[in-house]
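# A structural walkthrough
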Amino acid sequence: MMRSMYSAVSGLKTHQTRMDVIGNNIANVNTVAFKSSSVTFSDILYQTTSNASGANATTGTGGVNAKQIGLGTTAAATKVSITSAGASETTGNPFDIRLTDKNSTNFFIVNNGSENVFTRSGSFYVDGSGNLCMSSTGYTVMGWQVDETTGEIRKDTVSALRIMQEKNLTSAPEATTQATIAGVLDENDTDVKNDAGRVMNLNFYDNLGYQYTAKFAIKSTGTDGKYTVELTSVLDSNNQNIIKNLTKQEISKIFGDYQADATLGKYGLSKDYEFKNNKYVRKADNKEFTVDTTDKTLFKANDGSQVSITEIFSGITTTMANDIKDKTSKTNVEFDTATGHATVKGEKTSYDLVFDTSTGKFASIGGDTPSKMLNMSVLSSGLLNNNGNFQNISVDFSQCLNYENGGKSTIGADAGATDGTTGKGRKLGAMTGIFIDTSGRIYGTYDNGNTELLGQIAVAQFSNASGLEKVGESCYRTTLNSGEFDGIGVEISADGSSMTTGELEMSNVDLSSEFTSMITTQRGFQANSRVITTSDTLLEELVNLKR
């Protein structure tokens, strides 16, 4: 009689345990990344009153089964539904991360100050020390650091991800190493024909992130498809020309071929003049002019009137005329006795920019193609100082075109290769933001255009994730039945899993299932309580037999 009562008591206790688990599940229905649990029952043991017997061929009787009476039930196991992911909740917070599993169940690795524990809750923030931490507990998120030698992730023992440490707040400057000259150069552009030429500004950076502007001038030579490109100045951030004290020969070490007696250009007569009988005749009044014997920039008539060389010849500028007139200058002019055309010779500190006259496309620069070197390094190697802060810049001219464009040129200089980014150079960058990609790599973005790798969030995988021990605060600890953590972790993308920022994993508690389990648990509890009351009634009848 007593056995039924104690069996029912065990049933009450077991159903109470199941109700406790159901209550905890429902209580955590809105807990981030909570995993629901369920209870499995099993019978305890049996009292055997008669053993089983086999068939007896002699007597012709069959076998008899054992007579056993069960002694109740117990909670055999509490199973965590850890491999079942909860629904996603969009938060918009870039430090909220949801784990999406492919083949294995992944866990973030966090440290509570004394040991590594594991969590599915990806609600993180950056604390005052710059560490990536759990927003609920302050536990530091663990991962891999960047190898300063290679700039890549070094997959070693996990450590705290201090993504906002001082060295990550800025991005190192980069010197400009490439530049591109592109656009249309129109031979009818008045800028090309004037003294200053068509000016192009190339903004570039040195190794320390200081910005400079190299100013180039493109000038007409009077020959179709042929121009000169000259470096006229290099301005620092204070608008000071750092090469103003250099000679033309020294400047040519930076950019341009230096020749002491080179042909600077050949120039024909302007439309207002013609050459007859070794004299230059002005068409408007047929007045004849000859070259002055003491100043080749002046042409005199018999009546004493005179005109400048810039008026008679197309393309000779006032600057050229002044250089010819200057006795200390090496610039000189010669006149062809047959055609009257002028040839200007002198110091040359420029490169010839040549176009194919049949197509208008770039042909060569200084006899080379497609680029010339702007040798800025000579400035910081003794010519200006010995700081070594400048890098040479390869200037690509292949994108230049020599077309008619209504007298307007669009040619200009830009830092970087033709792709617009390679070799462009950058100033010192200040951090403007952080983002995390699907593989857990953390990148910093900077106002100089740089994007730098700061670290990577590692994850842990276990052969039996359900064997992990819950330690509260949405965290788990390894057990003998879960498998050990090797201290290094794995990359989440190794098996196709991923991380999604701006989202959190919700609880996987299914209220419909929990309420159904609650009903069956309640009925089971009621039934066990009825066994006790019925057994009590039977005992009462037994006691009343003496009356």
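Here, every reference points to the structure presented above.
Now for a quick tour of the structure. (Residues numbered from 1 in each chain as written. Predicted model: local features only at pLDDT ≥ 70, side-chain atom pairs only at ≥ 80, totals over all residues. Heavy atoms only, no water.)

## Observations regarding the overall build of the chain
Cut-off, in case you're wondering: Counting from the N terminus, the helices are the DSSP runs of H or I reaching at least four residues and the strands are the DSSP runs of E reaching at least two. The globule rule used for comparison is 2.2 Å times the number of residues to the exponent 0.38, while the radius of gyration itself is calculated over C-alpha atoms. Relative accessible area decides the class of each residue, using a 1.4 Å probe on protein chains only: under 20% of the type maximum gives buried, over 50% gives exposed, and in between gives partly exposed. Throughout, a residue-residue contact means that at least one pair of heavy atoms, one from each residue, lies within 4.5 Å. His is not counted, nor are the chain ends, whereas Lys and Arg count as positive and Asp and Glu as negative. By convention, the point assigned to a charge is CZ for Arg, NZ for Lys, CD for Glu and CG for Asp.
Within the chain, the secondary structure is distributed over 6 helices and 37 strands. Scaling as 2.2 N^0.38, a compact globule of 547 residues should have a C-alpha radius of gyration of about 24 Å, whereas the chain reaches 45 Å, well beyond that. Each principal axis of the C-alpha distribution contributes one length, and for the chain these read about 170 × 45 × 45 Å. Looking at the chain as a whole, 40% of its 547 residues qualify as buried. A fraction of 62% describes how many contacts in the chain between residues 6 or more apart in sequence connect residues 24 or more apart. Across the chain, the 48 positively charged side chains and the 61 negatively charged ones have centroids separated by 2 Å.

## Overview of the packing of aromatic side chains
To keep it simple, the criterion reads: Here is the rule: rings of Phe, Tyr and Trp (six-membered ring for Trp) pair when centre to centre is within 6.5 Å. Planes less than 30 degrees apart are stacked, more than 60 are edge-to-face, and the remainder are tilted. To sit over a ring, a charge needs its Lys NZ or Arg CZ within 6 Å of the ring centre and within 35 degrees of the ring normal.
Scanning all chains against the criterion turns up 20 aromatic pairs. For the ring pair Phe 255 and Tyr 351, a centre distance of 4.7 Å and an interplane angle of 80° mean the geometry is edge-to-face. Linking Phe 255 in the loop between helix H3 (248–251) and strand E18 (257–267) with Tyr 351 in strand E25 (residues 342–355), this pair joins segments that are 96 residues apart in sequence. Tyr 351 shares its class with Phe 255; the two are buried. With centroids separated by 6.4 Å and ring planes inclined at 65°, the aromatic side chains of Tyr 280 and Phe 335 adopt a geometry described as edge-to-face. With Tyr 280 in strand E20 (residues 279–282) and Phe 335 in strand E24 (residues 332–335), this pair connects stretches of sequence that are 55 residues apart. A relative accessible area of 23% means that Phe 335 is categorised as partly exposed. Through a chain of ring-to-ring contacts, three or more aromatic side chains come together here, namely Phe 107, Phe 118, Phe 462, Tyr 476 and Phe 485. Cation over ring: Arg 18 sits above Phe 41, and NZ or CZ is 5.8 Å from the ring centre.

## Looking at the pairing of strand E17 (residues 226–235)
Heads up, the condition is: The pairing criterion for strands is at least two bridges between them, as found by DSSP.
Counting buried residues along E17, 7 of its 10 residues qualify, which places the element largely inside the surrounding structure. Bridge count between strand E16 (residues 211–220) and E17: 8 bridges; the pairing is antiparallel. Residue Thr 213 lies in a different strand from E17, and its bridge partner there is Leu 235. Strand direction decides the pairing type here: E17 and E25, joined by 5 bridges, are antiparallel. Bridge assignment links Val 229 to a residue of E25, and that residue is Tyr 351.

## Details of the sheet that holds strand E23 (residues 306–308)
Heads up, the rule is: Axes here mean lines fitted to C-alpha atoms, for a helix over just the part in contact, with angles spanning 0 to 180 degrees between N-to-C directions.
In space, the 5 strands of this open sheet follow the order E19-E20-E21-E22-E23, with antiparallel pairing throughout. Pairing within the sheet leaves two strands with one partner each, and these edge strands are strand E19 (273–276) and E23. Mean inter-strand twist for the sheet, computed between neighbouring axes without regard to direction, equals 35°. Pairing of E19 with E20 involves 4 bridges; the strand directions are antiparallel. Bridge pairing in E20 places Glu 274 opposite Val 281.

## Re the state of the cysteines
To keep it simple, the criterion reads: In what follows, a disulfide is any cysteine sulfur pair within 2.5 Å.
Within the structure shown, the criterion is met by 0 disulfides. Cys 133 provides the cysteine sulfur closest to Cys 475, a residue in no disulfide bond, and the two sulfurs are 12 Å apart.

## Comments concerning the pairing of strand E7 (residues 106–111)
Counting buried positions over the 6 residues of E7 gives 6, a clear majority of the element. Neither face of E7 is open: one carries Asn 106, Phe 108 and Val 110, the other Phe 107, Ile 109 and Asn 111, and all of them are buried. Sheet analysis places E7 next to strand E33 (residues 459–461), joined by 3 bridges and oriented antiparallel. Across the sheet, Phe 108 pairs through a bridge with Val 459, a residue of E33. Examined bridge by bridge, E7 and strand E8 (residues 116–119) share 4 bridges and lie antiparallel to one another.

## Description of the nonpolar core
The line we're drawing: As used in this record, nonpolar core signifies buried Ala, Val, Leu, Ile, Met, Phe, Trp, Tyr and Cys residues forming a set joined through side-chain atoms within 4.5 Å.
Formed by 37 residues in total, the largest nonpolar core has its most connected members in Phe 216, Leu 231, Ile 243, Leu 353, Leu 374, Met 376 and Phe 397. Where this core is concerned, the elements lending two or more residues are strand E14 (178–184), strand E15 (198–205), E16, E17, E25, strand E26 (362–365), strand E28 (393–401) and strand E29 (412–415). When sequence neighbours within four positions are dropped, the list of residues in contact with Leu 374 reads Leu 202, Ala 214, Phe 216, Leu 231, Ile 254, Phe 255, Asn 392, Ile 393 and Val 395. If you look at the next biggest cluster of nonpolar residues, it comprises 24 residues, including Ile 97, Phe 124, Ile 434 and Tyr 446.

## Observations concerning the pattern of salt bridges
What counts, and what does not: For this document, the term salt bridge refers to a Lys or Arg side-chain nitrogen within 4 Å of an Asp or Glu carboxyl oxygen.
Using the criterion set out here, one finds 20 salt bridges in the structure. The salt bridge involving Glu 166 is made with Arg 162; its shortest N-O contact spans 3.4 Å. For Glu 288, the salt bridge identified is with Lys 279, shortest N-O distance 3.5 Å. Judged by relative accessible area, which is 36%, Glu 288 ranks as partly exposed.

## Considerations on the packing of helix H1 (residues 2–27) against helix H6 (residues 511–543)
As a reminder of what qualifies: Angles are sorted into four bins: roughly parallel if under 35 degrees, roughly antiparallel if over 145, roughly perpendicular if 65 to 115, and oblique for all others. Here a crossing is taken to be left-handed if its near helix is turned anticlockwise relative to the far helix by less than a right angle, and right-handed if that turn runs clockwise. Note that Gly is not counted as nonpolar here; it falls among the polar residues with everything else outside the nonpolar set of Ala, Val, Leu, Ile, Met, Phe, Trp, Tyr, Cys and Pro and the charged set of Asp, Glu, Lys and Arg.
For the pair H1 and H6, the least separation of the axes is 9 Å and the interaxial angle reads 160°. Classified by the angle their axes make, H1 and H6 are roughly antiparallel. Here H1 runs over H6; the crossing is left-handed. Of the residues belonging to the contact of H1 with H6, the class tally is 15 nonpolar, 13 polar and 2 charged.

## Brief notes about the layout of surface pockets
Put simply, the rule is: Here the term cavity refers to a set of points on a 1 Å grid, laid over the protein atoms alone, in which a 1.4 Å probe fits but cannot get out; the term pocket refers to an open set having protein on both sides within 12 Å along at least five of seven lines, with lining residues being those that place an atom within 4 Å of a point. Grid points are joined across faces, edges and corners, and a volume is the space filled by probe spheres set on the points.
In this structure, the largest pocket spans a volume of roughly 470 Å³. What lines the largest pocket is a set of 22 residues, and nearest its centre among them are Lys 219, Glu 230, Leu 264, Asp 323 and Glu 347. Residue assignment for the lining of the largest pocket shows that the elements contributing at least two residues are E16, E17, E18, helix H5 (318–325) and E25. When residues in the lining of the largest pocket are grouped by element, the largest group, 6 residues, is from E25. Classifying every residue of the lining of the largest pocket gives 4 nonpolar, 10 polar and 8 charged.

## Describing the environment of Asp 303
Counted only if it meets this: Pairs of N or O atoms within 3.5 Å make up the polar contacts considered here, provided that, within protein, one atom can donate a hydrogen while the other can accept it, and that residues adjacent in sequence are counted only when both atoms are side-chain atoms.
Structurally, Asp 303 is set in the loop between strand E22 (298–300) and E23. Classification of Asp 303 as exposed rests on a relative accessible area of 53%. A distance of 2.8 Å separates polar atoms of two side chains, one belonging to Asp 303 and the other to Lys 287.

## With respect to unusual backbone geometry
Note the cis peptide between Thr 369 and Pro 370, where omega equals 0°. Structurally, Pro 370 is set in the loop between E26 and strand E27 (371–374). Positive phi values are uncommon outside glycine, yet Asn 286 reaches one of about 55°. Examined against the element boundaries, Asn 286 turns out to sit in the loop between E20 and strand E21 (287–291).

Everything listed is a geometric property; what it means functionally is a separate question.
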